[in-house]
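# Reading the structure
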Amino acid sequence: MKKKKEPKKIKKKLLDKYRLVILNELTFEERLSFKLTRLNVFVLGSLSAMFLITLTFLLIAFTPLREYIPGYSSTALKKKATELNFKTDSLQQVIAMNELYYGSIKKVLKGDVSTVDFNKDSIIEAVKLEASEVDFAPTAEDSLLREKVDKEDKYNLFESATSATNFVLFPPVSGTISEHYNLKEKHYAVDVVVPKDTPVKATADGIVIFAEWTAGTGYVIILEHSYGLISVYKHNAGLTKSQGDLVKAGEVIATAGNTGELSTGPHLHFELWNDGYPINPTNFIDFK
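Since the model is a prediction, treat every value here as computed from it, not as a measurement. (Residues numbered from 1 in each chain as written. Predicted model: local features only at pLDDT ≥ 70, side-chain atom pairs only at ≥ 80, totals over all residues. Heavy atoms only, no water.)

## Digging into the overall build of the protein chain
Threshold: The way it works is that DSSP assigns letters per residue, a run of H or I at least four long becomes a helix, a run of E at least two long becomes a strand, and they are numbered from the N terminus. Residue exposure (1.4 Å probe, protein chains only): buried if accessible area is under 20% of the type maximum, exposed if over 50%, otherwise partly exposed. Any two residues having at least one pair of non-hydrogen atoms within 4.5 Å are treated as being in contact. Per-residue and other accessible areas follow the Shrake-Rupley method at a 1.4 Å probe size, with only the shown protein chains counted as cover for residues.
Helices and strands together make up the secondary structure of the protein chain, namely 5 helices and 12 strands. Residues classed as buried in the protein chain amount to 23% of the 288 residues present. In the protein chain, of all internal contacts separated by at least 6 residues, the share reaching a separation of at least 24 is 56%. Accessible surface, the protein chain as shown: approximately 21,900 Å² in total, 60% of it carbon and sulfur.

Right, dumping it as structure tokens:
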């Protein structure tokens, strides 16, 4: 019987009616009154709490107010961080390319070139085998293309039609060669004996990519030309051009001297490099 009465008591307590009265404190006049039950108050409080939670969630999720909450980052900050990330990646690529470029210039300055021994007979045999397997008979399309290109080259009046064979190298100085180009001794240059302060001229049109003092070779200037050609001038008494300057063939870029620990007298140490490989300057330039 007690167990049956307990649920009835709970139900009765929830449904018991109460009156909430608002009175004027001075006159005790009744202003407002509400009939309430415990169940109504519980339901009303639950709905109000749910409404406040939902409203707070919407304000945080869809308004800029969330930026003022610790732990949330602003949209502008995220956008800026993304842009900085892309810029950092681009800078890393540029730095990697510059390191390769400066590494090749460093090899030119030091003359550090590794020689590779090839078996001439094996290469010739391999070429013969490959050539025997190729059909060199021209097709109709190839003949038509060749005829079209020949006509374009014949009647083309633009500068693009000029041949690379017109590229001529200007002698930087005139004098006696004291030490010739020698691959076995890793002397990738010619040393031309000239009086001190003799004008050193650019061997071709180009841009100055290096113009500094070095302990071993004194004042050094390096020019980059067309067709992957680089010219190097060492042991100068002084430089008349700076890095980034554009020069013309025959323009004075330095004065010959006897600077650097490796120099034994006034002369010009002149090197030519093509696509990272040294070439003999005397094959293209007459120093007399």
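## Some points on the packing of aromatic side chains
Going by this rule: A pair of aromatic rings is counted whenever rings of Phe, Tyr or Trp (Trp by its six-membered ring) have centres within 6.5 Å, and the orientation is called stacked for planes under 30 degrees apart, edge-to-face for over 60 and tilted otherwise.
In total, this model carries 5 aromatic pairs according to the counting rule given. Ring geometry for Tyr101 against Tyr102: centres 6.0 Å apart, planes inclined by 55°, an arrangement best described as tilted. Take Tyr101: its relative accessible area is 32%, and that puts it in the partly exposed class. Between Phe270 and Phe287, the aromatic rings sit 6.0 Å apart at their centres with planes inclined by 70°, giving edge-to-face as the arrangement.

## Description of a nonpolar patch on the surface
Note the following rule: The residues that make up patches have over 30% relative accessible area and no salt bridge, and they are joined within 9 Å when like-charged or within 5 Å when they are Val, Leu, Ile, Met, Phe, Trp or Tyr. By convention in these notes, a salt bridge is any Lys or Arg side-chain nitrogen within 4 Å of a carboxyl oxygen on Asp or Glu.
A contiguous nonpolar surface patch, about 780 Å² in accessible area, is contributed by Ile10, Leu14, Leu15, Leu39, Phe42, Val43, Leu47 and Met50. Those elements giving two or more residues to the nonpolar patch turn out to be helix H1 (2–15) and helix H2 (38–62). Considering each element in turn, the nonpolar patch owes the most residues, 5 residues, to H2. Note on placement: Leu15 falls in helix H1.

## So, the pairing of strand E2 (residues 30–37)
Stated formally: A pair of strands is considered paired only if DSSP assigns at least 2 bridges between the two.
Note that strand E1 (residues 17–23) and E2 share 7 bridges and pair antiparallel. If you follow Tyr18 over to E2, its bridge partner there is Leu36. From the end of E1 to the start of E2, which pair antiparallel, there are 6 residues, and Phe28 there has a positive phi angle of about 60°.

## Here we look at the nonpolar core
Quick note on the threshold: Throughout, nonpolar core names a set of buried Ala, Val, Leu, Ile, Met, Phe, Trp, Tyr and Cys residues whose side chains join them through atoms within 4.5 Å.
Judged by nonpolar contacts, the single largest core of 34 residues is most densely connected at Val200, Ile222, Leu223, Tyr233, Ile253 and Phe270. Of all the secondary structure elements, the ones that give two or more residues to this core are helix H3 (75–110), strand E4 (190–193), strand E6 (206–214), strand E7 (218–224), strand E8 (229–239), strand E10 (252–256) and strand E11 (267–274). Setting aside residues no more than four positions away along its own chain, Ile222 makes contact with Ile105, Leu109, Ile207, Val208, Ile209, Phe210, Ile230, Ser231 and Val232.

## A word on the pattern of salt bridges
Evaluated as defined, the whole model comprises 3 salt bridges. Ionic pairing is found between Arg31 and Glu29, a salt bridge with its closest N-O pair at 4.0 Å. With its nearest N and O atoms 2.6 Å apart, the salt bridge here joins Lys241 to Glu251. On the criterion of sequence distance, the pair formed by Lys241 in the loop between E8 and strand E9 (246–247) and Glu251 in the loop between E9 and E10 is long-range, its members being 10 residues apart. Given a relative accessible area of 18%, Lys241 falls into the buried group.

## Points about unusual backbone geometry
In the Ramachandran plot, Lys186 falls in the positive-phi region, its phi being about 55° despite a non-glycine side chain. Looking at the element boundaries, Lys186 is found in the loop between strand E3 (176–179) and E4. On the basis of relative accessibility, which here comes to 53%, the residue Lys186 falls in the exposed class. The backbone of Tyr227 sits at a positive phi, close to 60°, despite the residue not being glycine.

## Quick notes on the environment of Val190
Here Val190 is to be found in strand E4. Residue classification places Val190 among the buried positions, given a relative accessible area of 0%. As for Val190 and Asn280, which are separated by 90 residues in sequence, their C-alpha atoms are 8.0 Å apart.

## Thoughts on the environment of Ser226
Relative to the elements of secondary structure, Ser226 occurs in the loop between E7 and E8. For the pair Ser226 and Ala204, spaced 22 residues apart in sequence, the C-alpha to C-alpha distance is 8.7 Å.

## Points about the side chain of His235
Mapped onto the elements of the fold, His235 is located in strand E8. On the accessibility criterion, His235 (3% relative accessible area) is buried. When sequence neighbours within four positions are dropped, the list of residues in contact with His235 reads Gly216, Thr217, Tyr219, Ala256, Gly257, Asn258, Thr259, Leu262, Ser263, His267 and His269.

## Observations concerning the environment of Ser33
Basically, it comes down to this: Identification of polar contacts relies on pairs of N or O atoms within 3.5 Å, with a donor-acceptor requirement for protein atoms, meaning one able to donate a hydrogen and the other able to accept it, and with residues adjacent in sequence counted only if both atoms are side-chain atoms.
If you trace the backbone, Ser33 turns up in strand E2. Sequence separation of Ser33 and Leu23 is 10 residues, and the distance between their C-alpha atoms is 8.8 Å. Discounting residues that sit within four places of it in the chain, Ser33 has contacts with Arg19, Leu20 and Val21. Here Arg19 takes part through its side chain, which lies 3.4 Å from a polar atom of the side chain of Ser33. One polar contact links Ser33 to Glu30, side chain to side chain, over a distance of 3.2 Å.

## So, the confidence of the model for the protein chain
Where the model shows low pLDDT, its predicted coordinates should not be examined in detail. Inclusion rule: pLDDT measures how confident the predictor is about each residue, on a scale from 0 to 100.
When pLDDT is averaged along the protein chain, the result is 80, and 78% of the positions lie at 70 or above. In the predicted structure, residues 157–165 sits below a pLDDT of 50 and forms 2 contacts with residues beyond four places in sequence or in another chain.

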